[in-house]
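# Working through the structure, step by step
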Amino acid sequence: MQVITNIKGLVQVLPSSTRRVKGKDMQRLKVLKNAFLLFDKGVILDYGSMRKWTEMAAAYPRIKETDASGRFVFPTFCDSHTHIVYAGSREIEYNDKIRGLSYEEIAKRGGGILNSCDRLRKASENELYDAAWQRLQEMCAYGTGAAEIKSGYGLDLKSELKMLRVIARLKASSPLTIRANFLGAHAVPREYVGRQTAYVDLIVKEMIPAVAKEKLADFVDVFCDKGFFTVKDTGRILDAAAKYGLRPKIHANELALSGGIQVGVKYGALSVDHLEYVGPAEIKVLKGSDTMPTVLPGAAFFLGMPLSPVREMMDAGLPVALASDYNPGSSPSGNMQFVMSLGCIRYKMYPEEAVHATTINTAAAMGVSDMLGAISKGRKANFFITKEIPTYEYMPYSFGGNKVEKVFLGGKAI
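First things first, this report covers the structure right here in the doc. Computed from a predicted structure; not experimentally measured.

## Overview of the overall build of the protein
- Scanning the protein from N- to C-terminus turns up 16 helices and 16 strands.
- Over its C-alpha trace the protein gives a radius of gyration of 21 Å, about what one expects of a compact globule, namely 22 Å for 414 residues.
- With the C-alpha coordinates aligned to their principal axes, the bounding extent of the protein is approximately 70 × 45 × 45 Å.
- For the protein, buried positions account for 61% of its 414 residues.
- Long-range contacts, defined here as pairs at least 24 residues apart, represent 74% of the contacts in the protein between residues at least 6 apart.
- Of the roughly 16100 Å² of accessible surface on the protein, a fraction of 52% belongs to carbon and sulfur atoms.
- Of the side chains in the protein, 54 bear a positive and 43 a negative charge, and the two mean positions are spaced by 3 Å.

## A short note on the pattern of salt bridges
- For the structure on display, the rule yields 17 salt bridges.
- Measuring nitrogen to oxygen at the nearest pair gives 2.8 Å for the salt bridge that ties arginine 311 to glutamate 353. Remark: glutamate 353 occurs in helix α14 (residues 351–358) and arginine 311 occurs in helix α12 (residues 310–315); sequence separation between them is 42 residues.
- Given a relative accessible area of 0%, glutamate 353 falls into the buried group.
- Put simply, Glu148, Lys150, Asp221 and Lys249 are held in one network by salt bridges that share partners.

## Focus on the nonpolar core
- Core analysis: the biggest nonpolar cluster contains 105 residues, and Val85, Leu170, Phe182 and Ile237 have the highest contact counts within it.
- Sorting elements by how many residues they give to this core places helix α7 (residues 196–213) first, with 9 residues.
- Discounting residues that sit within four places of it in the chain, isoleucine 237 has contacts with Ala185, Val200, Ile203, Val204, Ile208, Val220 and Val222.
- Listed in part, the 16 residues of the second largest apolar core include Ile7, Ala35, Phe39 and Ala68.

## Observations regarding the packing of helix α5 (residues 125–141) against helix α6 (residues 157–173)
- It is the contact of α5 with α6, at a shortest axis distance of 10 Å, that shows an interaxial angle of 50 degrees. Regarding the angle of α5 to α6, the classification is oblique. Between α5 and α6 lies a crossing of right-handed hand. Contacts from Glu125, Asn126, Leu128, Tyr129, Ala132, Trp133 and Leu136 in α5 reach Lys162, Arg165, Val166, Arg169, Leu170 and Ser173 in α6.
- Classifying every residue of the contact of α5 with α6 by side-chain character gives 7 nonpolar, 2 polar and 4 charged.

Criteria and cut-off values
Residues numbered from 1 in each chain as written. Predicted model: local features only at pLDDT ≥ 70, side-chain atom pairs only at ≥ 80, totals over all residues. Heavy atoms only, no water. Helix = DSSP H or I, 4+ residues; strand = E, 2+ residues; numbered from the N terminus. Rg over C-alpha atoms; globule rule 2.2 N^0.38 Å. Buried < 20%, exposed > 50% of the residue type's maximum accessible area, 1.4 Å probe, protein only. Contact = heavy atoms within 4.5 Å. Areas by Shrake-Rupley, 256 points an atom, 1.4 Å probe, with all protein chains shown as cover. Lys, Arg positive; Asp, Glu negative; His and termini not counted. Charge placed at Lys NZ, Arg CZ, Asp CG, Glu CD. Salt bridge = Lys/Arg side-chain N within 4 Å of Asp/Glu carboxyl O. Core = buried A, V, L, I, M, F, W, Y, C linked by side-chain atoms within 4.5 Å. Axes fitted to C-alpha atoms, helices over the stretch in contact; angles between N-to-C directions. Parallel < 35°, antiparallel > 145°, perpendicular 65-115°, else oblique. Left-handed = near helix turned anticlockwise from the far one by under 90°. Nonpolar A, V, L, I, M, F, W, Y, C, P; charged D, E, K, R; others polar.

Coordinates in, geometry out; function isn't part of it.
Pasting the structure below:
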């Protein structure tokens, strides 16, 4: 049993029953001042004022204590959208972007996802695992305690299974909570250019059954957008996935009003992600659903794309999540502290909203908000202690540096 004492501010204290925070409720954040946090066997047991702990302490004479004077305690970030299993960086395309080429133009020249596909097919499983492990360690150091990891750089059965097996190894060996997402419909591979329907047939008839047989994925994803997969393609894939109990998550509306949000809601998607293009019709359909709108500020920042109408979504009563989209081509960073900063600086979110958007709402976007994303009795003891900082607002205010001093996952210091 352990206790953290003298916490300057215990951030994101929520009832155990809370699964998401939406609309104007995102502007309210419960922070306990001069607090303690008690946990054992990986689970939060209690919390409250130091006055309460003083009255309780005699009952725990041999407890391990960590003094957090001058520091804040936050639940660890949940990063619900990453692509961290990849082979090699793409800084040459970065130069192309600087020189004015668009994402679509780079893709048409053989760059983008297909560039990563070429490299991944040549890489061994061990090479991919070692590189992804280092990225996970980096993410954790910045306060991330849970991540969804997608496949989608293999684009054939053999390579997609290789990616998913790497994710399975990461699940088994990492203290982070990890969810696997099969994204065979990330792009049309070179060998199927001009034969997109045949590639969708391959996903439906061979890939999904093989992935399900090995139990390698928690979710299935489709890049439903201009120049990628159509609403019709997406429906076929999600129909096939439903037969195996794979819940959808959709890459939607990054490049256009693609219908991706509507098809995602129709099939009960856990989340729809990117959302640079969202209008009244999309907000309306999201309001009648349990689908989490998830914005990826790092990708919009890196690509210079339009900003998702986050304020309009929240004003309409929707929840919003923010994730990193850590990948080699459009968001080469898994720093969720920076994602919070981008949420505040570029999307004009309040710090309180950014906290909800990177913890409880991203936990909901990966289906783990019953055990992660907040400080609650009975939730998993995943939290981080900051360095000495003046306020919780300092977290998104001071971008660039790492404000995390120590990370606890499952009650163990990492």
